[in-house]
There are 2 protein chains.
Amino acid sequence: MSETDGVWQHCTNSAIRRAARQLGQLYDDLVEPSGLKGTQFSLMSQIALAGKDGTPLKPLAEGLVMDLSALGHTLKPLTRDGLVELIPDARDGRVKRARLTPLGAQKQEEALALWHDAQGRFDAVFGAERSAEMRSLLGLISTPDFAKAFRAAKQKSDD
Amino acid sequence: MSETDGVWQHCTNSAIRRAARQLGQLYDDLVEPSGLKGTQFSLMSQIALAGKDGTPLKPLAEGLVMDLSALGHTLKPLTRDGLVELIPDARDGRVKRARLTPLGAQKQEEALALWHDAQGRFDAVFGAERSAEMRSLLGLISTPDFAKAFRAAKQKSDD
DNA sequence: CCGATATAGTGGCATATACCACTAAATTCA
DNA sequence: TGAATTTAGTGGTATATGCCACTATATCGG
């Protein structure tokens, strides 16, 4: 077996994690001057979409395909640094809404320019067409329907 | 903006992380009866490829596109549980070689059957063709050449 | 051979992310 | 209405993963 063989050639799960590490590295390096990690920038950008009313954590976590408690933990450094704030919901006492602080909004915009560079490079190297196709496929994998189908599936037994 | 909008539709980095979380969940659920996480199984499988001489950590980390220290940390629970052992290299006093213990090899084989189910389901739901294509693209993203090209690239400036 | 440099790993610290147990608040239903 | 159940978040613990500083060993230049 050649030195370049690896389990990632057969396992989609390890392949995707490996690529995520690489891409995380590449994006982080470019976004770093803003002081944000790529993950933090993504999270803040998603929160920014909710505007000044913010968004409850539960649907935010669902959209991100992330465990609710994991989201809570990830939010910690951001609230600590005053970039995100959690405000109580007026209707439902259980709910907290995440929104960017003015400082957070400013940071996010700053990082946005850096991110744009990264995404531009990715498209340039990978091909904008394939890039969009890739995101589409990754989006498909991330749907609840895909998870449902996966869990319901039986392994192939025909051959 | 619709509730289903997200940054992952525009950002390949967040899209890949999101999909990795989903897939990690799905694979983990199936591999869990072996007592291994998907990441641990992947790592052990890669180590298994090296046979009884084991493999030095540095090239292992490089193959996995992982930081050397991160690999060291990830190995901790596995060595603690007696699944992997680090043996000194005969030629180079700095080098340690990772290899599976007999127990580790047994666990890995046990998990292999479970993993096979998971991979089979993925192929069934996603399509074996697209699955292979996806792994190929993910593999491309994970190459040193891709990283080099990315870092060397300039953002598009045409518009 | 010796000192300068490069290489492999380790350990500390920080973030990312999951599971579980627990609290509080809302909803259901008898 | 009041008890049972469901739902949203929190905090603890564990693994995953990166950066930095440090140690030990190897290699290189003179």
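Look above for the structure.
The rules behind these values
- Residues numbered from 1 in each chain as written.
- Chains lettered and ligands numbered in written order.
- Predicted model: local features only at pLDDT ≥ 70, side-chain atom pairs only at ≥ 80, totals over all residues.
- Heavy atoms only, no water.
- Phe/Tyr/Trp six-rings, centres within 6.5 Å; stacked < 30°, edge-to-face > 60°.
- Lys NZ or Arg CZ within 6 Å of the ring centre and 35° of its normal.
- Near = heavy atom within 4 Å.
- Polar contact = N/O pair within 3.5 Å; in protein donor to acceptor, adjacent residues only side chain to side chain.
- Helix = DSSP H or I, 4+ residues; strand = E, 2+ residues; numbered from the N terminus.
- Nonpolar A, V, L, I, M, F, W, Y, C, P; charged D, E, K, R; others polar.

### Quick notes on the packing of aromatic side chains
Here is step 1: Taken as a whole and judged by the stated rule, the model has twelve aromatic pairs over all chains.
Here is step 2: These aromatic residues form a ring-pair network of at least three members: Tyr27, Phe122 and Phe126 of chain A together with Phe146 and Phe150 of chain B.
Here is step 3: Across the ring face of phenylalanine 126 of chain A, the terminal group of arginine 130 of chain A is positioned such that the distance to the ring centre comes to 4.6 Å.

### Notes on the protein's contact with DNA strand D
Here is step 1: If you check the shell around DNA strand D, you find 29 residues, and the closest are Gln25 and Lys58 of chain A together with Thr39, Ser69 and Gly93 of chain B.
Here is step 2: Near the protein, within 4 Å, the atoms of DNA strand D are sugar or phosphate in 72% of cases.
Here is step 3: Within the contact set of DNA strand D, a phosphate oxygen lies 3.1 Å away from a backbone nitrogen or oxygen of leucine 57 of chain A.
Here is step 4: At 2.6 Å, a backbone N or O of glycine 93 of chain B approaches a phosphate oxygen of DNA strand D.
Here is step 5: Counting residues per element, the ones that place at least two in the surface near DNA strand D are α1 (12-31), α3 (57-63) and α4 (68-80) of chain A together with α2 (38-48) and α4 (68-80) of chain B.
Here is step 6: Broken down by element, the residue count for the surface near DNA strand D peaks at six residues, all from α4 of chain B.
Here is step 7: Counted by class, the surface near DNA strand D contains eight nonpolar, nine polar and twelve charged residues.

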